[in-house]
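Secondary and tertiary structure notes
Chain residues, written in single-letter form:
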Amino acid sequence: MGDEPLNAPDIHTPRIFRPEPGDPGRPKRGLDEEALRTQQTIFRDDLLDGHTILISGAGSGMGKAAAFLAAKLGANVAICGRTREKLDTTAALIREETGREILCLEANIRDPEAVEAMIGAVHDHFGGLDTLVNNAGGQFPQDAIDFSRKGWLAVIDTNLNGTWWMMQEAAKRWRADGKPGHVINIVANVERGMPQAAHTCAARAGVIYLSKTVATEWAPHDIRVNCIGPGVIETEGFRMYPEEALARFHKANPLKMRGNAWDVAEAIAYLASPAGRFINGDLMIIDGGQAQWGVIWPAGMPDYFSEDGAA
């Protein structure tokens, strides 16, 4: 969950491109726990006091950073994922740093009945839910023409269907309880397509326009729905990509830099806070301007496209 690959094909051992190991410019594999502890936030300590938030795929990467920050800001935090060990690691970090206990739930979001039980467990434990963050997902780099049927279905089922089961179940509970709610879907920057990631592009685009649609449908129930589209964010998911691709990732935005999980975590906190109360049906892009500049090739840029000035 989170940044885990789904039915990834075998990828040949890549050539090693600079920056070499030990070079401070080398792409990182996410913020480690020590780095998370030292991150500064612009938000006041009690910004999310009493707010209940459920974050999927929170065992690593952006979900872990979002859970850590939400807890620091006073929220009641529930996290879910498929790997208990990862969830427990996140919970231990939060407990040690903030003294707060969080609710850990193992669940496969592809299973709607499991999702229903999990949403119910959050309501039972905390007495309700204010914000759902759909961060769980996964993909692998490959030319679309070579996708296996199993690989295609796995990515679509998790990134699109799994997100929908979570959204719908949360909304049904909010409607039944007569209480407001908020969904934040972590998607991707798909405006110009995503070569070598067509499966996740299809799924994430589906989530974006699903979100825009139900943001209108669910407004009478005081349910807001928004998306965040990260660009190149350093997480553990970088392990999926060959070195020649990683060496170019930062060149696909005009700032020529890579973001990190904290950039996304703070955006989640902002949208979940009272400051986000008038934001609905929106897609917040966090990509350093990539949408105006370059294209990511997660399996490495083909020679056909490799020309001077190409990102």
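Before reading further, recall that the structure is shown in the block above.
As a starting point, this report considers the structure included with it. Only a predicted model underlies this, so the values are computations on that prediction, with no experimental measurement involved. Sequence order as written defines the numbering, with residues in each chain counted from 1. Only residues with pLDDT of at least 70 get local features here, since the model is predicted, and only at 80 or more are side-chain atom pairs given and counted; chain-wide, interface and lining totals rely on the full set of residues. Only hydrogens and water are set aside when side-chain values are computed; all heavy atoms of the structure are taken into account.

Tracing the sequence through the fold places Asn159 in helix H5 (residues 149–177). When accessible area is computed with a 1.4 Å probe and restricted to protein chains, residues below 20% of their type maximum are described as buried, those above 50% as exposed, and intermediate ones as partly exposed. Looking at Asn159, the relative accessible area reads 0%, which means it is buried. Counted as a polar contact is a pair of N or O atoms within 3.5 Å, where, for protein atoms, one must be capable of donating a hydrogen and the other of accepting one, and residues adjacent in sequence contribute only when both atoms are in side chains. A polar atom in the side chain of Asn159 sits 3.0 Å from the side chain of Thr200. Strands here are runs of E lasting at least two residues and helices are runs of H or I lasting at least four, both read from the DSSP assignment and numbered beginning at the N terminus.

Note on geometry: axes are lines fitted to C-alpha atoms, helical ones only across the stretch in contact, with angles between N-to-C directions running from 0 to 180 degrees. Their axes nearest at 8 Å, the elements H5 and helix H6 (residues 198–217) cross at an angle of 15°. Relative to H6, the element H5 lies roughly parallel. Handedness of the crossing formed by H5 with H6: right-handed. Contact residues: Trp152, Val155, Ile156, Asn159, Leu160, Thr163, Trp164 and Met167 in H5; Ala198, His199, Thr200, Ala202, Ala203, Arg204, Gly206, Val207, Leu210, Ser211 and Val214 in H6. The classification used treats Ala, Val, Leu, Ile, Met, Phe, Trp, Tyr, Cys and Pro as nonpolar, Asp, Glu, Lys and Arg as charged, and all other residues, Gly among them, as polar. Classifying every residue of the contact of H5 with H6 by side-chain character gives 12 nonpolar, six polar and one charged. Working rule for angles: under 35 degrees goes down as roughly parallel, over 145 as roughly antiparallel, 65 to 115 as roughly perpendicular, anything else as oblique. Handedness of a crossing is defined here by the sense of rotation of the near helix relative to the far one, left-handed for an anticlockwise turn of less than a right angle and right-handed for a clockwise turn. Residues are treated as being in contact if the distance between any of their heavy atoms lies within 4.5 Å.

Let us now look at the packing of aromatic side chains. Here a Phe, Tyr or Trp ring, Trp counted by its six-membered ring, pairs with any other such ring whose centre lies within 6.5 Å, and the pair is stacked when the planes are under 30 degrees apart, edge-to-face when over 60, and tilted otherwise. Scanning the entire structure with this criterion turns up five aromatic pairs. Measuring from centroid to centroid gives 6.2 Å for Phe147 and Trp152, while their planes differ by 35°, and the two rings are tilted. Assessed through its relative accessible area of 14%, Phe147 is described here as buried. Taken together, the ring pairs connect Phe140, Phe147 and Trp152 into an aromatic cluster.

Two strands form a pair only when DSSP identifies at least two bridges running between them. Pairing between strand S2 (residues 76–81) and strand S3 (residues 103–106): four bridges, direction parallel. Considered in S3, the bridge of Cys80 is made with Leu105. For the crossover that starts at S2, traverses helix H3 (residues 84–98) and ends in the parallel S3, the hand is right-handed. Here, the term right-handed applies to a crossover whose path from the first strand over the helix to the second runs clockwise when the strands point away from the viewer.

Closest axis-to-axis distance for the helix H4 (residues 112–126)/H5 pair is 9 Å, and the angle between their directions is 45°. Overall, the two elements H4 and H5 adopt an arrangement that is oblique. Regarding H4 and H5, the two cross each other, and that crossing is right-handed. Counting all contacts with H4, which are made through Pro112, Val115, Glu116, Met118, Ile119, Gly120 and His123, the residues of H5 involved are Trp165, Met166, Glu169, Ala170, Arg173 and Asp177.

Right, let's talk about the pattern of salt bridges for a bit. Any carboxyl oxygen of Asp or Glu within 4 Å of a side-chain nitrogen of Lys or Arg constitutes a salt bridge here. Summed over all chains, the structure comprises eight salt bridges. Residues Arg84 and Asp88 are paired through a salt bridge, measuring 3.1 Å at the closest nitrogen-oxygen approach. Taken together, the positions of Arg84 and Asp88, both in helix H3 and four residues apart, correspond to about one turn of that helix. Take Asp88: its relative accessible area is 35%, and that puts it in the partly exposed class. The network of salt bridges with common partners includes Glu33, Arg37, Lys64, Glu96 and Glu97.

Time to look at the environment of Lys179. Relative to the helices and strands, Lys179 is located in the loop between H5 and strand S5 (181–186). Residue class for Lys179 comes out partly exposed when judged on its relative accessible area of 42%. C-alpha separation for the pair Lys179 and Ile223, spaced 44 residues apart in sequence, amounts to 8.5 Å. Those residues in contact with Lys179 that lie beyond four places of it in its chain are Gly127, Trp174 and His221.

Here the focus is the environment of Thr131. Checked against the element boundaries, Thr131 lands in strand S4 (residues 131–134). The class for Thr131 is buried, based on a relative accessible area of 0%. With 39 residues separating them in the primary sequence, Thr131 and Ala170 have C-alpha atoms 9.1 Å apart. The residues touching Thr131, leaving out its near neighbours within four places in the chain, are His51, Thr52, Ile53, Leu54, His182, Ile184 and Ala272.

Note that all results are geometric; they support no functional claim without further evidence.
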